[in-house]
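Understanding the architecture of this molecule
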Amino acid sequence: MRKTFPVITVLLVITAIWYLGSWRMNTPWALQQAARAEQTLTTGELFKATMQQDRPRLPAPHQVVSELWKSTGAMVQRGKAFSKRSLIYHGAITLGSTLTGFALGVFIGILGAVAITYSRVMEMSLMPWAIVSQTIPIVALAPMIIVLSNAVGIESRAVPKAIISAYLCYFPVLVGMVKGLNSPGTEQLDLLKTYNAGVAASFFKLRLPASMPYLFTSLKIAIAAALVGTIVGELPTGAISGLGARILIGDQFGTPLAIWAALFAAAILAGVLVTLLGLAQGLVLKRMGMAR
Amino acid sequence: MNENVRNPSEDTVIRAENLDLTFETTDGPVHALKGVSLDIQRGDFVSFIGPSGCGKTTFLRCIAALETPAGGTLTVNGMTPEQARKSRAYGYVFQAAGLYPWRTIAGNIKLPLEIMGFSRDEQEQRVKNVLQLVDLEGFGGKYPWQLSGGMQQRASIARALAFDAEILLMDEPFGALDEIVRDHLNEQLLALWARTGKTIGFVTHSIPEAVYLSTRIVVMSPRPGRITDVIESPLPKERPLDIRDSQAFLEVAHRVREGLRAGHSYDD
């Protein structure tokens, strides 16, 4: 792996910049504390003081990592993986809604794309709305969806969260699949005509397989969007579980470490999901003979 | 009414009388075909040659029912082109091989067979036969990208042959290939034609290709798309590549060139 060294270098540089940032941003508080205690700090002491505050402006990387460990690995060791203080518990809640929303969004996206591909009317009537739907800020829409689903008697929080999540993630699938289903050229379609092929044959034998590379690219964008949607759905709702709720609670109680740990948990979750889809893409395209 | 149309006989496979077709484009109407009449006999190898816009491809597409002429009559095996398609009268080969990258060569050849509902055993058998016909035995399991351009085009010919169509319509099938590969494929195509006795309609830009392959050469010219000359080739059916240096070959090529010139095809 010749690329290992550059990748690690970049990672180290980012970490160094982060430490630098923590040091600069946490210095005022450290100085204030020292002044209050009528102490003077050497540069070394000052640096140390910026790295271990309970409520730092910008936590140092090792603080975030240790907080993350405390709320995940350490809980597992104590057999409390799914206690309410564990990020694994909250992550699982978020993951559940994300996957439900993702499935719903992908279904809607593919269905819409098929409709648009086969009907000019659908293309003219559906596409503009799909685009408009994405210009509305989701933070404005999320509370409305929650209120509405409450109004129709849905008690579970998972449902509105999944809807918000689907709302964000159907769009890349729709756009990608419209492109993918239309990727066969005129010659390809004419060729099928000369075989007297029906709509079903041309869809399943040509359009659908031809759209696979587009589908997977869209799915990777969509799963990340679905996660963001779920987290946004957890923010304004008074939810008490889920990574979004952890971020909000951390904010309200002034515990930046908890916020950052939850943020990182969300990022790691997104990374894992996208990686899994990437693996699935590799497998499927290889099986189809489309990977070289 | 036209010297291109002979007495109707049982051997007439394709019969076009006075075909007219105009495309509406943003630049105004384009007269793609005007008064095109032609008979093609069973076992003929007919080339259509002419500059872009002369209607040679359009004519081929009309035969395949991919376009519908606005005027005139066109029959294929005595049926409308639409009916002929349903009775699997022809196989069509495009300029791009157009093989599906997600199917192996054998899988690609099976495509029309699956759509037409052949049994699995029959599919296997036919794939084997046509692969042999185009000299691609042993390549059935390869994916298209593993084959050269010439081999891909041969595979696409095999696909067109797989369901035993009597007529093979080829729209500049070797247009994208280099001259050396092209010579080789021309030779193979002649051998294939001799073995199978198919009727072939072949669109090309190349005078040597048209003369080398054809029993009849249809020279066309643009604006409006029409037939300016139909040349019966005096060349024998056996045609080694060096026949292209013979006097007879050069004379036919000369006449094709004259026909193109008469149609003002060299003006632009």
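One numbering rule holds for all chains: residues counted from 1, following each sequence as written. Chain A is the first chain written and ligand 1 is the first ligand written, with later ones labelled in order. Residue-level local features of this predicted model are given only where pLDDT is at least 70; pairs of side-chain atoms are given and counted only at 80 or more, and the full residue set underlies all totals for whole chains, interfaces and linings. Values reported for side chains reflect all heavy atoms of the structure, with hydrogen atoms and water molecules removed beforehand.

Only DSSP runs of H or I reaching four residues or more are called helices, and only runs of E reaching two or more are called strands; each is numbered from the N terminus. For chain A, the count of helices and strands is 12 helices and 0 strands. Moving toward the C terminus, one meets the helices and strands of chain A in the order α-α-α-α-α-α-α-α-α-α-α-α. To get the radius of gyration, use the C-alpha atoms; to get the globule rule, take the number of residues to the power 0.38 and multiply by 2.2 Å. Over its C-alpha atoms chain A spans a radius of gyration of 24 Å, topping by over 25% the 19 Å that the globule rule assigns to 292 residues. Based on the C-alpha atoms only, the size of chain A along its principal axes is roughly 90 × 55 × 40 Å. For the exposure calls, accessible area comes from a 1.4 Å probe over protein chains only, and a residue counts as buried if that area is under 20% of its type's maximum, exposed if over 50%, partly exposed in between. Of all 292 residues assigned to chain A, the portion counted as buried reaches 43%. The criterion used for residue contact is that any of the two residues' heavy atoms lie within 4.5 Å. Considering only residue pairs separated by 6 or more positions, chain A has 74% of its internal contacts joining residues 24 or more positions apart. Here, Shrake-Rupley sampling with a 1.4 Å probe gives the accessible areas, and only protein chains in the shown set may cover a residue. Entry remark: accessible area of chain A is about 16,100 Å², with carbon and sulfur atoms responsible for 70%. Computing the positive centroid from 24 side-chain charges and the negative centroid from 10, chain A places the two 8 Å apart. His residues and chain termini do not enter the charge count, which takes Lys and Arg as positive and Asp and Glu as negative. For the purpose of locating charges, the reference atoms are NZ of Lys, CZ of Arg, CG of Asp and CD of Glu.

Quick look at the interface of chain B and chain A now. Across the boundary between the two partners, chain B contributes 23 residues, which contact 21 residues of chain A. For chain B, the biggest contributors to the area lost against chain A are Trp102, Ile115 and Trp145 of chain B; these three give 32% of the whole. We define a salt bridge as a contact between a side-chain nitrogen of Lys or Arg and a carboxyl oxygen of Asp or Glu at a distance within 4 Å. Viewed at the interface, chain A and chain B are joined by 2 salt bridges. One salt bridge connects Asp190 of chain A with Arg61 of chain B, and the closest N-O pair in it is separated by 2.8 Å. Here the buried area means the combined drop in accessible surface, using a 1.4 Å probe, for two parts upon being joined, counting both sides.

Residues and elements named next belong to chain A. You can see Ser86 is positioned in the loop between helix H4 (73-77) and helix H5 (87-118). Residue Ser86 is classed as buried on the basis of its relative accessible area, which comes to 0%. At 2.9 Å, the side chain of Ser86 and the backbone nitrogen of Ile88 are in polar contact. Excluding residues within four positions of it along the chain, Ser86 makes contact with Ser71, Met75, Lys80 and Ala81. We define a polar contact as two N or O atoms separated by no more than 3.5 Å, with the added condition that, inside protein, one atom must be a possible hydrogen donor and the other a possible acceptor, whereas residues neighbouring each other in sequence contribute only through side-chain atom pairs.

What follows covers the domain arrangement of chain A. Residues and elements named next belong to chain A. In this entry, domain limits derive from an automatic or database-based domain assignment. Split into domains, chain A comes out as domain 1 (4-58) and domain 2 (87-288). Centre-to-centre separation of domain 1 and domain 2, based on C-alpha positions: 39 Å. Across the contact, 5 residues belong to domain 1 and 7 residues belong to domain 2. Roughly 450 Å² of surface becomes buried between domain 1 and domain 2 when both sides are summed, with 69% attributable to carbon and sulfur atoms. In terms of surface lost to domain 2, no three residues of domain 1 exceed Trp18, Arg55 and Pro56, which account for 67% of the buried area on that side. Between domain 1 and domain 2 we count 0 salt bridges in total. The interface formed by domain 1 and domain 2 holds 0 residue pairs in polar contact (both at pLDDT 80 or more) in total. All residues other than Ala, Val, Leu, Ile, Met, Phe, Trp, Tyr, Cys, Pro, Asp, Glu, Lys and Arg, Gly among them, are scored as polar; the first ten of these are nonpolar and the last four charged. Among the residues making up the side of domain 1 that touches domain 2, the classes are represented as 3 nonpolar, no polar and 2 charged.

The next point concerns the packing of helix H1 (residues 4-36) of chain A against helix H3 (residues 61-71) of chain A. Residues and elements named next belong to chain A. Orientation is described by lines fitted to C-alpha atoms, with helices fitted over the stretch in contact, and by angles between N-to-C directions that extend from 0 to 180 degrees. Relative orientation of the contacting elements H1 and H3 amounts to 100°, with a least axis distance of 9 Å. What the angle tells us is that H1 and H3 run roughly perpendicular. Across the interface between the two elements, Thr15, Trp18, Tyr19 and Ser22 of H1 pack against Pro61, His62 and Val64 of H3. Our angle categories are set so that under 35 degrees counts as roughly parallel, over 145 as roughly antiparallel, 65 to 115 as roughly perpendicular, and the remainder as oblique.

All names here are of chain A. Two numbers describe how helix H10 (residues 199-234) lies on helix H12 (residues 256-288): the axes approach to 10 Å, and their chain directions differ by 170°. When the axis of H10 is compared with that of H12, the two are roughly antiparallel. Here H10 and H12 pass one another in a crossing that is right-handed. Seen from H10, the contacting residues are Pro209, Met212, Pro213, Phe216, Thr217, Leu219, Lys220, Ile223, Leu227 and Ile231; seen from H12, they are Ala266, Leu269, Ala270, Leu273, Val274, Leu277, Gly278, Ala280, Gln281, Val284, Leu285 and Met288. Should the near helix be turned anticlockwise from the far one by less than a right angle, the crossing is termed left-handed; should it be turned clockwise, right-handed.

Let us look at the nonpolar core. Among the nonpolar cores identified, the biggest contains 143 residues, and Phe48 and Val256 of chain B are the most heavily contacted of them. No other element matches the 15 residues that H10 of chain A contributes to this core. If we skip the residues at most four places from it in the chain, Val256 of chain B touches Ile49, Ile207, Val211, Ile217, Val219 and Ile231 of chain B. Here, the term nonpolar core denotes a set of buried Ala, Val, Leu, Ile, Met, Phe, Trp, Tyr and Cys residues that are joined through side-chain atoms within 4.5 Å.

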